[in-house]
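Single-letter residue listing:
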Amino acid sequence: MSRISVTLARMTTEKVTLQSIQQARERISKFIARTPCEFSVGLSEMTGARVYVKLDNLQATGSFKERGAANKLLQLTAAERKQGVVTPSAGNHGLGVAYQAKKLGARATIVMPKGAPLIKQSNVRRLGATVVLYGDSYADALAKAREIENEKKQVFIHGFDDPAVIEGQGTLGLEIVEAVPDLEAVIVPVGGGGLIAGVGTAVKALRPHARIIGVEPDRYASMVAALKVRKPVVIEATPTIADGLAVDCVGATALRIAAEAIDEMVTVTEDEIAKAILVLLEVEKTVVEGAGAAPLAAMFTGKVDLRGKTVVLPLCGGNIDVNIMANIIERGLVKDGRLAWVRTFASDKPGQLAAIARVIADAGASVKDVHHNRAFGRVEPGGVEIDWILETRGHDHLAELVLKLREKRIRVQTFEDR
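The structure displayed is predicted, hence computed values, not measured ones. Counting of residues starts from 1 at the beginning of each chain's written sequence and follows it residue by residue. Owing to the predicted nature of the model, reporting of local features is limited to residues with pLDDT of at least 70; listing and counting of side-chain atom pairs is limited to 80 or more, with chain, interface and lining totals taken over all residues. Based on all heavy atoms of the structure, the side-chain values leave hydrogens and waters out of the count.

Visitor: Help me understand the sheet that holds strand β5 (residues 108–112) in this model?
Guide: Working definition: the strands of a sheet are paired by backbone hydrogen bonds and lie parallel or antiparallel to each other. Paired strands, as defined in this entry, are two strands with at least two bridges between them according to DSSP. Helix and strand assignments follow DSSP, with helices taken as H or I runs no shorter than four residues and strands as E runs no shorter than two, numbered in order from the N terminus. Read across the open sheet, the four strands follow the order β6-β5-β4-β7; overall the sheet is parallel. Pairing within the sheet leaves two strands with one partner each, and these edge strands are β6 (130–133) and β7 (155–156). Where strand β4 (residues 85–88) meets β5, four bridges bridge the pair, whose relative direction is parallel. Along β5, the bridge assignment pairs V86 with T109.

Visitor: Just checking my understanding: could you explain the sheet that holds strand β14 (residues 383–391) for this structure?
Guide: Across the sheet, which stays open at both edges, the four strands sit in the order β13-β14-β12-β15 with antiparallel pairing between neighbours. This sheet does not close on itself; its edge strands, each paired only once, are β13 (366–373) and β15 (411–414). Direction aside, neighbouring strands of the sheet carry axes that sit 25° apart on average. Sheet analysis places strand β12 (residues 339–347) next to β14, joined by nine bridges and oriented antiparallel. When the bridges of β14 are listed, S347 appears paired with G383. The contact criterion used throughout is that any non-hydrogen atoms of two residues lie within 4.5 Å. To obtain each axis, a line is fitted to C-alpha atoms, and for helices this fit is confined to the stretch in contact; angles are then taken between N-to-C directions over 0 to 180 degrees. Packed on one face of the sheet, helix α15 (residues 352–362) meets β12, β13 and β14 and runs near 30° to β14.

Visitor: What am I meant to see in the packing of aromatic side chains here?
Guide: Aromatic rings in a pair are described by how distant their centres are and how their planes are angled relative to each other. Any pair of Phe, Tyr and Trp rings, taking the six-membered ring for Trp, is counted once the centres come within 6.5 Å. Such a pair is stacked with planes under 30 degrees apart, edge-to-face with planes over 60 apart, and tilted for the rest. On inspection of all chains with the given rule, the structure shows two aromatic pairs. With centroids separated by 5.3 Å and ring planes inclined at 65°, the aromatic side chains of F39 and Y52 adopt a geometry described as edge-to-face. In this pair, F39 is assigned in strand β2 (residues 37–39) and Y52 in strand β3 (residues 50–54), connecting sequence segments 13 residues apart. Classification of F39 as partly exposed rests on a relative accessible area of 41%. Ring geometry for Y138 and F160: centres 5.5 Å apart, planes at 40°, overall tilted. Of this pair, Y138 sits in helix α7 (residues 138–152) while F160 sits in the loop between β7 and α8 (163–179), and the two are 22 residues apart along the sequence. Lying across the ring of Y134, K144 places its NZ or CZ 5.3 Å from the centre. Above the ring of F345, the side-chain terminus of R411 is found at 3.9 Å from the ring centroid. Accessible area is worked out with a 1.4 Å probe on protein chains only. A residue is then buried under 20% of its type maximum, exposed over 50%, and partly exposed in between. For a Lys NZ or an Arg CZ to count as sitting over a ring, it must be within 6 Å of the ring centre and within 35 degrees of the ring normal.

Visitor: Would you explain the nonpolar core in this entry?
Guide: Side chains of a nonpolar character, in soluble globular proteins, are inclined to be buried together. Each nonpolar core is a collection of buried residues, namely Ala, Val, Leu, Ile, Met, Phe, Trp, Tyr and Cys, held together in the definition by side-chain atoms within 4.5 Å. Ranked by size, the top nonpolar core spans 72 residues in total, and within it L183, V186, I187, M223 and L313 carry the most contacts. Counting residues per element, this core draws most heavily on helix α13 (residues 290–301), at seven residues. Beyond its immediate chain neighbours, meaning those up to four positions away, I187 contacts I213, V215, P295, A298, M299, L306, V311, V312, L313 and P314. Counting 25 residues, the second largest nonpolar core, distinct from the first, contains L74, L104, M112 and V165.

By themselves, these are just geometric observations and shouldn't be taken as functional.
Here's what the structure looks like:
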């Protein structure tokens, strides 16, 4: 876990201003949705702050990336659109470019790392774009996209380091300020830096005293590293469930612009991101990917004190693989003690299973699955291990159940005992 206060000397922004962001909003207004920014009673009670969620996961492609893509494409000539555009993407930017290109009649080639989520690959193809899978990282995809740019003379669109793209992302900040005029902090997820550069510029221009807090996975803390040395640096990184933030070097333009606005950076762990995904699903009834959940994860860490403050969390994307979501839900339930593994030992005689099940039922737990193990367990002949997957109310409820089993002289083992 890390936290740094930004002490960089304020740098001159490169083309991106409040006025240029406002012009971008006028340009793209018919091409993107103005998404809700709602007060969350549940999240406010959980965090002690007045929490609003900006639901940009409700854009047509499930991500804020449409904003920057539309602003860039709308400034191309008809000839450039016909020749085509090429862009590297971990997923959401590619979706945004593909969607807006289709509406504008432009050809689009999206270069994605081979490990990009399948849902994002298939959705890009569905939108009519050409998908090129190359390399293992965003950096590999970026290099390949540059090759295609030179070979086919297509317009290159950078996913986060193009001023036009940053201006488009900044329109999210305008909507946030209009929806929550008394905001005191915005927590922005950071990958390559384009979103926080745009949103930070807009918010700071309109609400200078509002805190702009950036959040990154601790496995991909490229902005934290860049701010420390005042320049983009390539970091060593490992895979993260916040794949939309998996950029190992922030953009130079994005960094110069973002440094003007960022007050603070925090990092979050994989478990903290997973918990935030699950909480948003249960409390807000909304599906977000790891990048979209990172702002809430930052609040859960306690690294920033926002109690009593009015805070906006941009839920910037909802394109999560269903298999990852299923895994996160199960792991989250286990961590909360609401899904439990219990092993009991008994003699292999009629009535033993029913007797144990009766104790479980009387304790108010629900049996999700049960498995007998006679041949491979650590039991004597005539004995049986019985593994139970149980739904409980939490750790305290599970402890009560284990106590009741032991009171009945039933030998029991939990996951923590192993």
